[in-house]
Amino acid sequence: LAPDAGGLGRRRRGRPLGAHAPGRADPPRRRARASRPVSRGPGHDAGVTMEAGKGLRYSLRALGGRLGEQWERERRDTLFLMGATLLAVAPHLIHLPWWTALGFLVLFFWRLGLVMSGRWLPRDSVRWFAAAACTAAVLAHYKTLLGRDPGVALLVLFLGLKLMEMRVRRDLFVVTFLCFFLLLTSFFYSQTMLTGALTLLAVLGLLTTMLTMQYGANEQPVSRRVRTAGGLLLQALPIAALFFVLFPRVQGPLWGLPDDAHAGGTGLSESMRPGQISELSQSDDIAFRVRFDDPPPLPERMYWRGPTLGQFDGAVWSPMRKPLAPVPLPSIQGEGSTLVRYTVTLEAHNRNWLFALEAPVRIDRLPQGAALLMPDMLLQARERVVERLRYNVESTTGYTFGLNETPLSLQNWLALPPGFNPKTLELAARWRNEEPDNAKLVDRALRMFNREAFHYTLKPPLLGRDSADDFLFRTRSGFCEHYASAFVVLMRALDIPARVVTGYQGGELNPVDGWWVVRQADAHAWAEVWLAGRGWTRVDPTAAIAPERIERGSRALQPAAVERPLGLDLPLLADLRFNLDALSNAWNQWVLSYDHSRQMRLLAALGLGIDDWGQMIGVLALGMALMIGVVALITLRPRRPHDPVARAYHEFCLRLAAVGVTRAPHETSHRLLERAEHALDPALARQARGIVTLYNALRYGPADRNERTDVRHLRSLVKAFKP
């Protein structure tokens, strides 16, 4: 093996494919190297040595300092590219299955070991077998090769395989462009500021790698390469901002996304099993944000209505099978109603429903007919919410709803599955014989929850086949969905129309930006009963068991370790959380929610009356021309070279001129030193002689000197020279 065998890779046919002489065979020279120890050279100081029969020793010391003097060119380029590749793949590792991340890391470190040890690349048959195995694994896991998740998994694995077949410099550019494409796919999963920052870091690494591959024999330090790549990014930022503001926004997606591109959304489900919502209570993910235009209601009155569940099979609650016809507005009656105006920014949850305070009477900023108000007061969108949605709502806090129900329509809300919960049916029969008034029976059920040994807990025990019986007579411990489910079963057994309503309750005010944040932990379930003369009335059994949950929100039930990490109550942590949340909200409102309507409003505010795409493209082209012209004037103007050696010598000449020894334009450094020695005392003359000697060595000496160290030494000598 030759010391340069571990870079881009070598074929087994005797052709070393280095960076500068690809495809040129030199078998005699290789045999000669294999028969004797490798001579000491620049690479020896990096800890790279080789002896016959002992293989290769290598050291990570080679990664420090100026790599150009320690490693072969092909190794250097490969290492830079592998580091940038790892940055590009890192955001995907948390979204992909564990075996996909493990497979890529195995391929990555295998290639890294080959680079460090100088061994051969695997045979073509090995790579073809690995490619077939990766494809079969993706197909077995996803049952298809089409879609977002299988496509990204294949791209990541094949990128790892591409690292194993890099033989020529062209392969380095192929891997680089694959990394750029992979960075685009990371936005299929997340579009947060953190994702943007990681992507920007990876782009900086890829640009630095491309600069590294373009250098000739005179390479620049790593820090200077990074600064150059950063300068390129800074020059591109104004152009990117111009495209962001003026590029035409389309109402639909720019290209067809795969069917699973929006899968996996968190939030409320279309059904409810006791114990399901309690799982959401552990999640701090944001469901939606709200900004009130009017004084907000009290947190205990913030019921954000979601799906209504009326079909019960003994274990699971689900929506009514019979579709409900949409109505334009709810039938609201009564006096003293207070309208509340607010703006909702809803996160994508891959469902059809929207959230609003009870009861919504008006919705704006959505296309005509995009949202419907159903008879059960659910605000429903015609299409699934697969991207962040912003809309304005007006709700009334005082309303009477459902007075126009008929006995036939109420039958839908009385059905119970036969053969379930006999103890609950027996209790209901006894209560009905004792009390004919429905409103008093509702109050009696709430008193039972409040006065008897019922407990509110985030970790309820499991329920059996008769879930209502087990909860009311055995466990008596549960979360909000346990109480809502058992209460509705009891009401229906009492022949009182009732249904389960799911949604969110409460919220947390962010004092930094004034937005209310509703998280998945605020998910809640309550009940509605129909009473004569009052219509559908909200009844929340949780308020009878844990009123602090309703008054103070879900954080009132969080463990002390969550509220006070490490046992400390630090206001600084709360302030930091609020500021980060406000920053994330600003990113969502001004960047991710910048749609066609907001673009038109911004252009109108700037005085640009643009009506069609043609005008907008014309303005975009004009802005691009002006911006490129300004950048060209700044970057293409002639500049005097900044030579650190020349600057140090110029400063030395200025210090001599201060004592009367002025350098003539044609005068050499030795002639200047001769004149200076007559004007300086012996100590200063020795310093001047050392400065001139080092200057001449840097200017006219051999090229293999450690120039960076010597330049620093020259500067220190000039700085210490004070005649």
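Residues numbered from 1 in each chain as written. Predicted model: local features only at pLDDT ≥ 70, side-chain atom pairs only at ≥ 80, totals over all residues. Heavy atoms only, no water.

Draft legend 1. Quick peek at the overall build of the protein. In terms of helices and strands, the protein carries 24 helices and 20 strands. Burial status across the protein gives 43% buried among its 723 residues. The contacts of the protein with a sequence gap of at least 6 include a subset with a gap of at least 24, amounting to 72%. Of the accessible surface of the protein, which amounts to about 38100 Å², a share of 59% is contributed by carbon and sulfur atoms. (Helix = DSSP H or I, 4+ residues; strand = E, 2+ residues; numbered from the N terminus. Buried < 20%, exposed > 50% of the residue type's maximum accessible area, 1.4 Å probe, protein only. Contact = heavy atoms within 4.5 Å. Areas by Shrake-Rupley, 256 points an atom, 1.4 Å probe, with all protein chains shown as cover.)

Draft legend 2. Region of interest: the sheet that holds strand S9 (residues 356-357). Ordered in space as S9-S4-S16-S19-S20, the five strands form an open sheet in which the pairing is antiparallel. Both outer strands of the open sheet, S9 and strand S20 (535-539), are each paired with one neighbouring strand and no more. Here two bridges tie strand S4 (residues 303-309) to S9, and the two strands are oriented antiparallel to one another. The residue bridging Arg-305 from the neighbouring strand is Ala-356, located in S9. Helix H14 (residues 480-493) rests against strand S16 (498-505), strand S19 (523-531) and S20 of the sheet, and its axis sits at about 15° to S19. (Pairing = 2+ DSSP bridges. Axes fitted to C-alpha atoms, helices over the stretch in contact; angles between N-to-C directions.)

Draft legend 3. Here's a closer look at the environment of Thr-209. Considering the arrangement of structural elements, one finds Thr-209 in helix H7 (residues 193-214). A C-alpha to C-alpha distance of 8.7 Å links Thr-209 and Arg-225, two positions 16 residues apart in sequence. Setting aside residues no more than four positions away along its own chain, Thr-209 makes contact with Phe-80, Leu-81 and Ala-84.

Draft legend 4. Fine view of the nonpolar core. Formed by 40 residues in total, the largest nonpolar core has its most connected members in Val-156 and Val-175. Elements supplying a minimum of two residues to this core: helix H2 (73-89), helix H3 (98-117), helix H4 (124-142), helix H5 (148-163), helix H6 (169-185) and H7. No other element matches H5, which puts nine residues into this core. Setting aside its immediate chain neighbours within four residues, Val-175 contacts Leu-81, Thr-85, Leu-159, Lys-162, Leu-163 and Met-166. The next biggest cluster of nonpolar side chains, apart from the first, holds 39 residues, and it includes Leu-309, Leu-427, Trp-431 and Ala-525. (Core = buried A, V, L, I, M, F, W, Y, C linked by side-chain atoms within 4.5 Å.)

Draft legend 5. Molecular detail of the sheet that holds strand S3 (residues 286-292). Strand order in this open sheet of six strands is S10-S13-S7-S3-S18-S17, and the pairing throughout is antiparallel. Strands with a single pairing partner mark the edges of an open sheet, and in this sheet they are strand S10 (360-364) and strand S17 (508-509). Here five bridges tie S3 to strand S7 (residues 339-346), and the two strands are oriented antiparallel to one another. In the strand pairing of S7, Phe-288 is matched with Leu-346.

Draft legend 6. Just the pairing of strand S13 (residues 389-396), in detail. Burial within S13 is extensive, with six of its eight residues counted as buried. Two strands pair when backbone bridges link them, and S7 and S13 are joined in this way by eight bridges, in the antiparallel orientation. Pairing of Leu-339 across the sheet is with Thr-396, part of S13. By the bridge criterion, four bridges tie S10 to S13 in an arrangement that is antiparallel. Each bridged residue has a counterpart across the sheet, and for Asp-364 the counterpart in S13 is Asn-392.

Draft legend 7. How the structure looks around the environment of Arg-305. Tracing the backbone shows Arg-305 in strand S4. Here the alpha-carbon distance between Arg-305 and Tyr-504, two residues 199 residues apart in the chain, equals 6.8 Å. Leaving out residues up to four positions away in the same chain, Arg-305 has contacts with Leu-354, Phe-355, Ala-356, Glu-358, Asp-376, Met-377, Leu-378, Arg-499, Val-501, Thr-502, Trp-526 and Glu-528. A distance of 2.8 Å separates the side chain of Arg-305 from the backbone oxygen of Asp-376, its partner in a polar contact. (Polar contact = N/O pair within 3.5 Å; in protein donor to acceptor, adjacent residues only side chain to side chain.)

Draft legend 8. Quick peek at the packing of aromatic side chains. Under the counting rule described, the total for this entry stands at 23 aromatic pairs. Geometrically, the ring pair formed by Phe-449 and Phe-454 is edge-to-face, given 5.1 Å between the ring centres and 90° between the ring planes. Here the aromatic residues Phe-288, Phe-292, Trp-304, Tyr-342, Phe-355, Tyr-504 and Trp-516 are joined through ring pairs into a cluster of three or more. Directly above the aromatic system of Phe-420 lies the positively charged group of Arg-465, at a separation of 4.0 Å from the ring centroid. Sitting over the face of the ring of Trp-413, Arg-499 holds its NZ or CZ atom 4.8 Å from the ring centroid. (Phe/Tyr/Trp six-rings, centres within 6.5 Å; stacked < 30°, edge-to-face > 60°. Lys NZ or Arg CZ within 6 Å of the ring centre and 35° of its normal.)

Draft legend 9. Region of interest: the pattern of salt bridges. By the definition in use, this model includes 27 salt bridges. Measuring nitrogen to oxygen at the nearest pair gives 2.7 Å for the salt bridge that ties Arg-305 to Glu-358. Here the residue Arg-305 occupies a position in strand S4, and Glu-358 occupies one in the loop between S9 and S10, the gap between them amounting to 53 residues. Both residues of the pair, Arg-305 and Glu-358, count as buried. Measuring nitrogen to oxygen at the nearest pair gives 2.4 Å for the salt bridge that ties Glu-358 to Arg-538. With Glu-358 in the loop between S9 and S10 and Arg-538 in strand S20, this residue pair connects regions lying 180 residues apart in the sequence. On the basis of relative accessibility, which here comes to 31%, the residue Arg-538 falls in the partly exposed class. Put simply, Arg-289, Glu-347, Arg-388, Glu-508, Arg-519 and Asp-581 are held in one network by salt bridges that share partners. (Salt bridge = Lys/Arg side-chain N within 4 Å of Asp/Glu carboxyl O.)

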